[in-house]
Amino acid sequence: MRLVQEVHAQIRSLERFVPLLGQAAVDEARTLARGLSEQLAGGVIWNVNSTAVGGGVAEMLHSLLGYARGAGLDVRWLTIGGSPDFFRITKRLHHALHGERGDGSPLDEAAHEVYASNLCRNAVELRELVRPGDVVLLHDPQPAGLAPTLLAAGARVLWRCHIGADETNEDVERGWHFLARYLDGVRTMIFSRETYVPARYRDGRASIIQPSIDAFSAKNIDLDEHTVRSILVHVGILEGPPPPSPRYAFVRSDDTPGRVERSADIIRLGRASAWETPLVVQVSRWDPLKDMIGVLRGFSTMVHNHAAPEVDLVLAGPNVRAVADDPEGPAVFEAVYRAFLEQPPAIRAHVHLAMLPTADVEENAVIVNALQRHAAIVVQKSLHEGFGLTVTEAMWKARPVIASAVGGIQDQIEDGVSGVLLRDPNDLDTFAGELHRVLVDRAFAERIGAAARERVRERFLGVRHLIQYGEIFGRLIA
Ligand code: UDP
């Protein structure tokens, strides 16, 4: 089987943004795309990462590439493949750039050997596709090591780093030291925050683009209450007989009908919630940095410390068997499950762990959409976060969000205005207090929810993102 796979991004029209952002913004994006197409003269813009599903990068590529294609650009998406050893090393690098030790395995010459030889096999396949003059945008550490080969083949190479640490430490330095061998020759890099740019690349090559969401994707499109309810009952997160099945539970991005099936391979532990019960929800990959266990313990503390109203917690993430590039998933889920079992029965009765099906990206997305919309509070209690797409998604749905003041989340939420920031994500008493405050003070919850939606409209929708990309590509090709 080939390691390199092409992912099809469905064409989407920018026209949809006119009511949200105005004609001028949409025209600006289109003009840029036209100019780029002419400059490229038949060349292709390739995006390369390691997965088509699960996680923020895949999420953004589906929509940004769709809109770019809709604007007439020849933009394509390739995923690379690798052995479990390769993904163990790239996960180690991912943690390192966040300033964490991960599994602590050495980033030594033996690791270089595994990393580079794996990429070498991918490079052979890539070179059949990429022509001199094409633009190749590599995402994150997994494909970073392809840069030298692609540059040698005459491609214009950019690297986008979606992760980062506000302050450097030994692990961060180790990560950059490892990648330098592959990345030093890349003259254009994109980071999500100024503080994420490592010292060695503060030489004019770095640009900043904040990630965005797609207001019209299955993940974020408006859903009425009936649809939300029916989806959540279908997948078993809400109790009750399935409501009279809507003819179509959701509309796919290519405007064809999609259905959420009860038979979807969802794995649930815990009791389904009643429609009326407020839900505290965190949706994340099963990654230690997302601190699902901390959310569970904080929830438990809230119920213990405060006369909490009837409330349930849902911790949801992808089916760990399905996501190839995240080797930690099964162990992290297992640890969350153990932490769940350690809780007293009175807490367990209010906690729901859900692994969502991933085989159909849009079915997965619409379940997440329904869950976020139904949430009384959306939590993102990450220990590190490059930029939390889940935070923006929930803000767009006008949900009150309680999130850690780490990484890009600090740019997303203004504390007390468009959400609540936790200064110390490990302080469970404060977290529990904030959960309780937002649960009981519904006027505050509504106020921060409404401000959150407006903040996303102004800053975090895809058109702005595309314009920034367009400007960078334009400079690169000029
Ligand atoms: N996500 C999803 N299904 C899941 C878990 C996560 O679709 O079961 C999505 C989530 O909605 C968001 C992305 O994956 O769009 C996660 O992006 P984020 O920036 O929050 O974190 P990352 O996974 O990139 O660290």
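The written sequence of each chain sets the order in which its residues are numbered from 1. Where local features are concerned, this predicted model is filtered to residues with pLDDT of at least 70; where side-chain atom pairs are given and counted, the filter is 80 or more; whole-chain, interface and lining totals use all residues. Side-chain metrics in this entry use all non-hydrogen atoms of the structure; hydrogen atoms and water are not considered.

> Any chance you could explain the site of the ligand here in plain terms?
Whether a residue is near a molecule or strand depends on its heavy atoms: it is near if one of them lies within 4 Å of it. Around the ligand sit 19 residues, and of these Arg-285, Lys-290, Pro-318, Leu-389 and Glu-393 come closest. As used in this structure description, the phrase polar contact means that two N or O atoms lie within 3.5 Å; if the pair is within protein, one of them must be able to donate a hydrogen and the other to accept it, and residues adjacent in sequence are counted only when both atoms belong to side chains. Here an oxygen atom of the ligand sits 2.9 Å away from a polar atom, N or O, in the main chain of Leu-389. Look at the ligand: alone it shows 530 Å² of surface, and the protein chains cover 91% of it. Numbering goes from the N terminus for both helices and strands, where a helix is a DSSP run of H or I of at least four residues and a strand is a run of E of at least two. When residues of the shell around the ligand are traced back to their parent elements, those giving at least two are helix H3 (56-70), strand S12 (312-318), helix H13 (361-374) and helix H14 (389-396). Take the shell around the ligand: its biggest share by element is three residues, from H14. Following the grouping adopted for this structure description, the nonpolar residues are Ala, Val, Leu, Ile, Met, Phe, Trp, Tyr, Cys and Pro, the charged ones are Asp, Glu, Lys and Arg, and the polar ones are all others, Gly among them. Here the residues of the shell around the ligand sort into six nonpolar, seven polar and six charged. Here, Shrake-Rupley sampling with a 1.4 Å probe gives the accessible areas, and only protein chains in the shown set may cover a residue.

> Explain the sheet that holds strand S14 (residues 377-380) to me, please; I cannot follow it from the model alone.
Sheet strands associate in pairs through backbone hydrogen bonding, adopting either a parallel or an antiparallel arrangement. Strand order in the open sheet formed by seven strands is S10-S13-S12-S11-S14-S15-S16, and the pairing between neighbours is mixed. With one partner strand each, in any of the chains shown, strand S10 (267-270) and strand S16 (420-422) form the two edges of the open sheet. Averaged over all adjacent pairs, the angle separating strand axes in this sheet is 20°, with direction ignored. Strands pair, by our definition, only if DSSP identifies at least two bridges between them. Here strand S11 (residues 279-283) pairs with S12 via five bridges, running parallel. Bridging from a neighbouring strand, Val-281 pairs with Val-314 of S12. Here helix H11 (residues 329-342) sits on the sheet in contact with S10, S12 and strand S13 (351-356), set at roughly 165° to S13. Docked against the sheet, H13 engages S11, S12, S13 and S14, running at close to 145° with respect to S11. Axis definition: a line fitted to C-alpha atoms, over the contacting stretch in the case of helices. Angles run 0 to 180 degrees between N-to-C directions. Residue contacts follow a heavy-atom distance rule, with two residues in contact if any of their heavy atoms lie within 4.5 Å.

> Would you explain the pattern of salt bridges in this entry?
Working definition: two side chains of opposite charge can pair if their charged atoms are close together. Think of a salt bridge as a Lys or Arg side-chain nitrogen and an Asp or Glu carboxyl oxygen that are within 4 Å of each other. Applying the stated criterion across every chain, the model contains 30 salt bridges. Across the pair Glu-170 and Arg-101 runs a salt bridge, and its minimum N-O distance is 3.3 Å. Taken as a pair, Glu-170 in helix H8 (residues 170-183) and Arg-101 in the loop between helix H4 (84-97) and helix H5 (109-126) lie far apart in primary sequence, 69 residues in all. Note on classification: 1.4 Å probe, protein chains only; a residue is buried when its accessible area is under 20% of the maximum for its type, exposed when over 50%, partly exposed between these limits. With relative accessibility at 51%, the residue Glu-170 sits in the exposed group. Across the pair Asp-171 and Arg-101 runs a salt bridge, and its minimum N-O distance is 2.9 Å. Here the residue Asp-171 occupies a position in helix H8, and Arg-101 occupies one in the loop between H4 and H5, the gap between them amounting to 70 residues. A cluster of three or more residues bridged by salt bridges with shared partners is formed by Lys-91, Arg-285, Asp-287 and Glu-328.

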